[in-house]
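Reading the structure
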Amino acid sequence: MTQFSIFAVLLVLATAAFILPPLWRGLRAPKERADRKTANLAIFRDQLAELEREKAEGSLAEADFEQARRELQRRLLEEVEPAAEEASPASHAPTRKTAVAILLALPILGVLGYVALGNPRALDPQQTAAPPQMTQEQIEQMVAKLAERMKANPDDPKGWLMLARSYKSMGRYADAVEAFSHVETVIDGEPDLLAAYAETIAMAEGKGLSGKPTQLIEKALKLDPKHGHSLFLAGAAAMDRGDAKQGIAYWEALLPQIEPGSEIDQMLRSGIEKMKAAK
């Protein structure tokens with residue numbers, strides 16, 4: 001049984017311990033005060049269910065959940081605690097049927113409320129356990145299956161792009177270039193894909209960004225002059241060919257998009273200073 005289940009049972013028992021004895025003995029609070037308590041208990045259950053939902057979804061930290069739960073419990077105890085000094089004359093009519101009904105209804109309502117508002121799967125440790133990470137061998141097998149599928153279905157551009165990205169992430173740059181080549185008409189309209197294709201060609205050939213990579217980068221910047229990846233590659237290409245002025249312009253245009261003080265920010269500023277010194 002999970003910690004939540006244990007807490008829920010204890011909460012039901014604590015609530016029953018406070019509200020059932022007076023009913024079993026035949027003591028009945030005035031209707032107005034009883035109505036207020038019933039409403040407050042309903043609100044408490046709703047708030048508890050909401051806390052559990054937020055915790056299960058990860059939007060509420062464990063420490064914050066515990067603090068909020070204790071506050072709700074304190075308020076509940078204050079609500080159900082007899083207040084003799086505020087009590088009005090009580091009725092002594094027998095209410096054991098009511099007590100039994102409440103005892104049966106509390107756990108049922110709690111379960112139904114959690115099913116409706118919470119995340120029942122969070123009660124199953126197998127459901128909440130982190131999925132096992134795939135091994136390198138499993139990844140390679142999946143990519144190999146995708147490659148076989150593309151041979152049988154070469155007119156699937158999404159499949160080719162997925163295969164190209166997979167090869168690129170695995171460091172198989174020549175295979176990635178070949179996969180990208182099957183969807184050049186699709187790539188032509190996407191700055192992200194143009195920049196990725198240019199970078200992959202440069203890594204596969206080992207000759208820098210001159211030639212086709214530069215053409216792809218220029219095409220990407222025509223589509224989006226502020227495209228970050230393309231500005232970075234364009235600055236690197238300009239530096240490679242000794243065009244410091246153009247390289248500085250590209251990287252200075254990129255700086256506003258970079259978090260100040262980050263590693264890439266420091267690298268860009270260092271490169272700009274080197275290009276300025278070489279002018």
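The residue count restarts for each chain, going from 1 along the sequence in the order it is written. Local features in this predicted model are restricted to residues of pLDDT 70 or higher, and side-chain atom pairs are both shown and tallied only at a pLDDT of 80 or more, whereas totals for entire chains, interfaces and linings draw on every residue. Side-chain measures were taken over the full set of non-hydrogen atoms in the model, leaving aside hydrogen atoms and water.

**Some details on the overall build of the protein**
From N to C terminus, the protein includes 14 helices and zero strands. Only DSSP runs of H or I reaching four residues or more are called helices, and only runs of E reaching two or more are called strands; each is numbered from the N terminus. Listed by position from the N terminus, the elements making up the protein come as α-α-α-α-α-α-α-α-α-α-α-α-α-α. Working rule for contacts: check all heavy atoms of both residues, and any pair within 4.5 Å makes them a contact. Counting contacts in the protein only where the partners sit at least 6 residues apart, residues at least 24 apart contribute 57% of the total. Note on areas: Shrake-Rupley with a 1.4 Å probe; residue coverage comes only from the protein chains shown. Summing over all exposed atoms, the protein offers an accessible surface of approximately 17,800 Å²; the carbon and sulfur share of this is 57%.

**A few points about the confidence of the model for the protein**
A score from 0 to 100, pLDDT tells how confident the predictor is in each residue. Looking at the protein as a whole, the pLDDT averages 77, with 57% of positions reaching at least 70. Considering each helix and strand of the protein separately, the mean pLDDT is smallest for helix α5 (residues 125–128), with a value of 54, and largest for helix α11 (residues 212–223), with 96. Low pLDDT, under 50, characterises residues 82–92; the stretch is placed with 11 contacts to residues that sit more than four places away or in other chains.

**Focus: the environment of Ala196**
As for its position among the elements, Ala196 is in helix α10 (residues 191–205). Separated by 31 residues in the primary sequence, Ala196 and Arg165 have C-alpha atoms spaced 8.6 Å apart. The contacts of Ala196, once residues within four sequence positions are left out, are Lys168, Phe180 and His229.

**A look at empty space enclosed by the protein**
Here the term cavity refers to a set of points on a 1 Å grid, laid over the protein atoms alone, in which a 1.4 Å probe fits but cannot get out; the term pocket refers to an open set having protein on both sides within 12 Å along at least five of seven lines, with lining residues being those that place an atom within 4 Å of a point. Grid points are joined across faces, edges and corners, and a volume is the space filled by probe spheres set on the points. The full count for this structure, using the stated rule, is one cavity of 30 Å³ or more. Taken as a whole, the largest cavity spans an internal volume of roughly 40 Å³. If you go around the largest cavity, the residues you meet are Thr214, Ile217, Glu218, Ala234, Ala237, Arg241 and Tyr250. Elements with a contribution of two residues or more to the lining of the largest cavity: α11 and α12 (228–240). The element contributing the most residues to the lining of the largest cavity is α11, with three residues. Along the lines of polarity and charge, the residues of the lining of the largest cavity split into four nonpolar, one polar and two charged. Under this grouping Gly is polar, as are all residues other than the nonpolar Ala, Val, Leu, Ile, Met, Phe, Trp, Tyr, Cys and Pro and the charged Asp, Glu, Lys and Arg.

**What about a nonpolar patch on the surface?**
On the surface, a nonpolar cluster with roughly 270 Å² of combined accessible area is contributed by Met134, Ile139 and Met142. Inspection of the secondary structure assignment puts Met134 in the loop between α5 and α6 (136–152). The classification of residues rests on relative accessible area computed with a 1.4 Å probe and restricted to protein chains. Under 20% of the type maximum is buried, over 50% is exposed, and intermediate values are partly exposed. Exposure remark for Met134: the relative accessible area of 43% places this residue in the partly exposed category. Patch building starts from residues that exceed 30% relative accessible area and form no salt bridge, then joins like charges within 9 Å and nonpolar side chains (Val, Leu, Ile, Met, Phe, Trp, Tyr) within 5 Å. When a carboxyl oxygen of Asp or Glu is within 4 Å of a side-chain nitrogen of Lys or Arg, the pair counts as a salt bridge.

**Let's talk about the packing of aromatic side chains**
The pairing test for Phe, Tyr and Trp rings, Trp by its six-membered ring, is centres within 6.5 Å, and the orientation test on the planes gives stacked under 30 degrees, edge-to-face over 60, and tilted for anything in between. If you walk through the whole model with that rule in mind, you get two aromatic pairs. On the basis of an interplanar angle of 35 degrees and a centroid distance of 5.2 Å, the ring pair of Phe180 and Tyr197 is categorised as tilted. One end of the pair, Phe180, is in helix α8 (residues 173–181); the other, Tyr197, is in helix α10, with 17 residues separating them in the sequence. On the numbers, 5.8 Å between centres and 10 degrees between planes, the contact of Phe232 with Trp251 is stacked. Of this pair, Phe232 sits in helix α12 while Trp251 sits in helix α13 (residues 244–254), and the two are 19 residues apart along the sequence. Taking relative accessible area as the criterion, Trp251 reaches 3% and is therefore assigned buried.

**Comments concerning the nonpolar core**
For the purposes of this section, nonpolar cores are sets of buried Ala, Val, Leu, Ile, Met, Phe, Trp, Tyr and Cys residues that join through side-chain atoms within 4.5 Å. Counting 42 residues, the largest nonpolar core has Leu163, Phe180, Ile187, Leu209, Ile217 and Trp251 as the members making the most contacts within it. At the level of secondary structure, the elements contributing two or more residues to this core comprise α6, α7 (157–169), α8, α10, α11, α12, α13 and α14 (263–278). The element contributing the most residues to this core is α10, with eight residues. Residues contacting Ile217, with those up to four places away along its chain left out, are Ala198, Leu209, Ser230, Leu233 and Ala234.

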